[in-house]
Amino acid sequence: MSTDHVGTLQPAAMPASEHERPTAPHKLELIGVGKEFRTKRATTQALHDINLTISDGEFVSIIGRSGCGKTTLLRALAGLLSPTEGRILVEGRSLWKDSKVDASVVSQLGVVFQDANLFPWYSVADNIALPLRLRGDDKDQRRERAHELAELVGLKGFEKSYPRELSGGMRQRVAIARALSTRPKLLLMDEPFGALDALTRERMNLELQRIALATGATVVFVTHDITEAVFLGDRVVQLTPRPGRISEIRTVGFDRPRHIDVQTGPEFGTIVRQLRHALDGQE
Amino acid sequence: MSRDKFEKWLPWLSTPLILALFFLLWDTFVRVNNMSELVLPRPATVLTSLGEIVRSPDTWQHARVTATETIGGFLIALGCGITVGAVLGKVRWMERSLRPMIVASQVVPKVALIPLFVIWFGFGMTSKVIMSAMLAFFPIMLNVQLGVRSVDAGQRDVMRALNAGRWQTFKHLELKSTMPYVFAGMEVGIVFAIIGTIVGEYLGGSEGLGYLVVRTLNELDAPALFAVIILLSVLGLLLYFVVNGLKRFFIPWHESVYSQHDVNA
């Protein structure tokens, strides 16, 4: 466990990992990212000057009140919404060229949404392997990978089931497996457990931690649940609304994997409390 | 027997019972009121008449004509309905510019056009096929239009995040999620197609079960009239079950197909 596990305030542009591993290429780099929504009546600045650097294997949680632009940020990262300012680099390569996505960069990403968004006409295995099918992998490869991933996310034996036969938590597992199927360099998650009940959610958090470590995935995890953000994240990025900008980046020093009991410890409580105060102060 | 299983078999038990009760009431009603069989024949008389009609090869010729007209009209409606519905669902400006015409043409009592069709296309099968196609077209077209627009935004995001091409998005998402709407339209459409055919046969021509209805009416042969109506119902049921069977085959994953009882969760 690192010595400063309570965390320190850091300027957004200078994350801790920068001086620790100066030569490693950053997994994800956001430079001055901004997003404006223009309508006839008004212009809304959804994101303003977002600077963030994420290194390989890191788990970064992004928290903020609803409407603070965290989903906008994730959609920009996922290649679904073009930012109006700044650059997003995945392993040094620009994701957006003007307002068009670079397909070869997008293919390095895996996205999990709040809703599982499974295709009810496909079995679990076919849902998991859909990205592989789109990319043109052959049937045997797809089947093998689907089995592998079903096992990874704890759905072994459910490969032939259909989404309607699964519970909400199981569907979200399928969505995670689908996002992982192409072995993405970066896993983007937008409140993936937001629609689940508290107990299932807690279990899914543990599962996600295990899966992230097993795959060595770099994860950007958007949530409005502070406890979840602190439990999962190596760092917690806090956004403030209107315009959405980074107000604080908090390093959470507990080693991963973390035991569920970490949550009841005093240090964990302190971090959560401080983040909550900071969020409340935004009113 | 479990509750679920019981509910599955219930219709097979209840339907014959209700039918039997219906015929019993019917028979009692005729006997108690001492009604003339010219007005309301007793079920037994209808059954005898049905037996005679079924044995006549003439009847099967008429049934074949009606079935051909209905299926022909339905298939035309299906092709046109899917094409027009998909185009109108996809191309906004076209839908907007055509909407008043579409609403207007729906309000027009299309059955009233049959005499015109008879003038243009004669007393043969063509006028009936057109009538049945016209009636079946609208429910199919409207459902397809709705289906094309109802593709889930979240599922679209998935395809976009996977950088799927236009054809891939169509094949894996748009086509599949429109299918339930196509079948919903088909289920209504086939019923409308039969109505179109029969009304067409009422008004002109010398073939088909609809014509047989008119002929038995003119002969004041009430039992035969009832028997033909029964035949028509059977034809309608058969066609509906074919469409329903196709639906079960093509979209077994849809909630209108799998009953709640199959769900494990």
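Residues numbered from 1 in each chain as written. Chains lettered and ligands numbered in written order. Predicted model: local features only at pLDDT ≥ 70, side-chain atom pairs only at ≥ 80, totals over all residues.

Visitor: Help me understand the overall build of chain B in this model?
Guide: The number of helices and strands found in chain B is 10 helices and zero strands. Order of helices (α) and strands (β) in chain B, N terminus to C terminus: α-α-α-α-α-α-α-α-α-α. Dimensions along the principal axes, computed over C-alpha positions, put chain B at roughly 75 × 60 × 30 Å. (Helix = DSSP H or I, 4+ residues; strand = E, 2+ residues; numbered from the N terminus.)

Visitor: Can you walk me through the sheet that holds strand 1 (residues 28-38) of chain A in this structure?
Guide: All names here are of chain A. Taken in spatial order, the four strands of this open sheet run 2-1-4-5, and their pairing is antiparallel. Lying at the two open borders of the sheet, with one neighbouring strand each, are strand 2 (43-54) and strand 5 (93-94). Relative to strand 5, strand 4 (residues 85-90) runs antiparallel, the two sharing two bridges. Of the residues in strand 5, the one forming a bridge with Leu89 is Ser94. Strands strand 1, strand 2 and strand 4 of the sheet are contacted by helix 2 (residues 70-77), whose axis makes an angle of about 60° with strand 2. (Pairing = 2+ DSSP bridges. Contact = placed C-beta atoms within 7 Å. Axes fitted to C-alpha atoms, helices over the stretch in contact; angles between N-to-C directions.)

Visitor: Could you clarify how one ought to interpret the interface of chain B and chain A in this entry?
Guide: Quite often, the size of an interface is put as the accessible area lost when its parts meet. Taken together, the contact between chain B and chain A spans 16 residues of the former and 20 residues of the latter. Elements with a minimum of two residues in the side of chain B that touches chain A: helix 7 (153-161) and helix 8 (166-203) of chain B. For the side of chain B that touches chain A, the element with the highest residue contribution is helix 7 of chain B, accounting for six residues. The residue inventory of the side of chain B that touches chain A, partitioned by class, reads seven nonpolar, six polar and three charged. (Nonpolar A, V, L, I, M, F, W, Y, C, P; charged D, E, K, R; others polar.)

Visitor: Help me out: how do you make sense of the UniProt feature "transmembrane region" (unreviewed entry) in chain B in this one?
Guide: Residues and elements named next belong to chain B. UniProt annotation of "transmembrane region" (unreviewed entry) refers to residues 9-26, 70-89, 101-123, 129-148, 181-204 and 224-243 when read in the numbering used here. Along residues 9-26 the backbone is 100% helical and 0% strand, and the end-to-end C-alpha distance reaches 27 Å. Annotated as residues 129-148, this span is 100% helix and 0% strand, and its ends, taken at the C-alpha atoms, are 27 Å apart. (UniProt positions renumbered as here; feature names shortened; annotations may be inferred.)

Visitor: Help me understand helix 7 (residues 168-180) of chain A, please; the structure alone is not making it clear to me.
Guide: Note on helix geometry: an α-helix contains 3.6 residues per turn, so any two residues three or four positions apart are oriented the same way. Residues and elements named next belong to chain A. Between the first and last C-alpha of helix 7 there are 19 Å, a value that for 13 residues agrees with the 18 Å anticipated at 1.5 Å per step. Across the 13 residues of helix 7, 11 count as buried, placing the element largely inside the fold. Met170, Arg171, Gln172, Arg173, Val174, Ala175, Ile176, Ala177, Arg178, Ala179 and Leu180 are the residues of helix 7 that are buried. Where the residues of helix 7 are buried, they touch strand 8 (109-112), helix 4 (124-128), helix 5 (130-135), helix 6 (139-152), strand 9 (186-190) and helix 8 (198-215). (Expected span 1.5 Å × (residues − 1). Buried ≥ 20, exposed ≤ 12 C-beta atoms within 10 Å, placed from the backbone.)

Visitor: I keep staring at the confidence of the model for chain A and nothing clicks. Help me out?
Guide: Parts of the prediction with low pLDDT should not have their coordinates interpreted in detail. The predicted model of chain A averages 86 in pLDDT, with 90% of residues at 70 or higher. Note that pLDDT drops below 50 for residues 1-22 of chain A; the model gives that stretch 33 contacts with residues more than four away or on any other chain. (pLDDT = per-residue confidence, 0-100.)

Visitor: Looking at this structure, how should I read the domain arrangement of chain A?
Guide: Residue and element names in this part refer to chain A. Segmentation of chain A into domains returns domain 1 (17-108 + 185-280) and domain 2 (121-183). Distance from the C-alpha centre of domain 1 to the C-alpha centre of domain 2: 25 Å. On the side of domain 2, 10 residues touch domain 1, which itself brings 12 residues to the contact. Among the elements that line the side of domain 1 that touches domain 2, the one with the most residues is helix 8, at six residues. Classifying every residue of the side of domain 1 that touches domain 2 gives eight nonpolar, three polar and one charged. (Domains from an automatic or database assignment.)

Visitor: Help me understand the pairing of strand 9 of chain A, please; the structure alone is not making it clear to me.
Guide: Looking down a regular strand, the side chains alternate between one sheet face and the other. All names here are of chain A. Burial within strand 9 is extensive, with five of its five residues counted as buried. Here strand 9 shows two buried faces, one formed by Leu186, Leu188 and Asp190 and the other by Leu187 and Met189. Relative to strand 9, strand 8 is paired through four bridges, and the arrangement is parallel. For Val112, the partnering residue across the bridge sits in strand 9 and is Met189. For strand 9 and strand 10 (residues 218-223), the ladder comprises five bridges, and the chain directions are parallel. Along strand 10, the bridge assignment pairs Met189 with Phe221. What joins strand 9 to strand 10 is helix 8, and the crossover it makes is right-handed. (Right-handed = clockwise from strand over helix to strand, strands pointing away.)

Visitor: How do you make sense of the pairing of strand 12 (residues 245-251) of chain A when you look at a structure like this?
Guide: Residue and element names in this part refer to chain A. Most of strand 12 is tucked away, with five of its seven residues classed as buried. As paired strands, strand 11 (residues 235-240) and strand 12 are joined by six bridges and run antiparallel to one another. Counterpart to Arg235 in the pairing with strand 12 is Thr251.

Visitor: Any chance you could explain the environment of Pro83 of chain A here in plain terms?
Guide: Residue and element names in this part refer to chain A. As for its position among the elements, Pro83 is in the loop between helix 2 and strand 4. Residue classification places Pro83 among the buried positions, given that 24 C-beta atoms sit within 10 Å. For the pair Pro83 and Tyr162, spaced 79 residues apart in sequence, the C-alpha separation works out to 37 Å.

Visitor: When you look at the nonpolar core in this model, what are you seeing that I'm missing?
Guide: Soluble, globular proteins show a tendency: their nonpolar side chains are buried together. Val174, Leu188 and Val220 of chain A are the most contacted members of the largest nonpolar core, which totals 88 residues. Of the residues forming this core, the biggest block, seven residues, is contributed by helix 7 of chain A. Residues from two domains meet in this core; each of domain 1 (17-108 + 185-280) and domain 2 (121-183) of chain A gives at least three. Among all residues touching Leu188 of chain A, those that are not within four sequence positions of it are Leu74, Leu77, Ala78, Leu109, Gly110, Val111 and Val220 of chain A. Formed by 48 residues, the second largest nonpolar core is a distinct cluster that contains Val65, Leu135, Ile140 and Leu232 of chain B. (Core = buried A, V, L, I, M, F, W, Y, C linked by C-beta atoms within 7 Å.)

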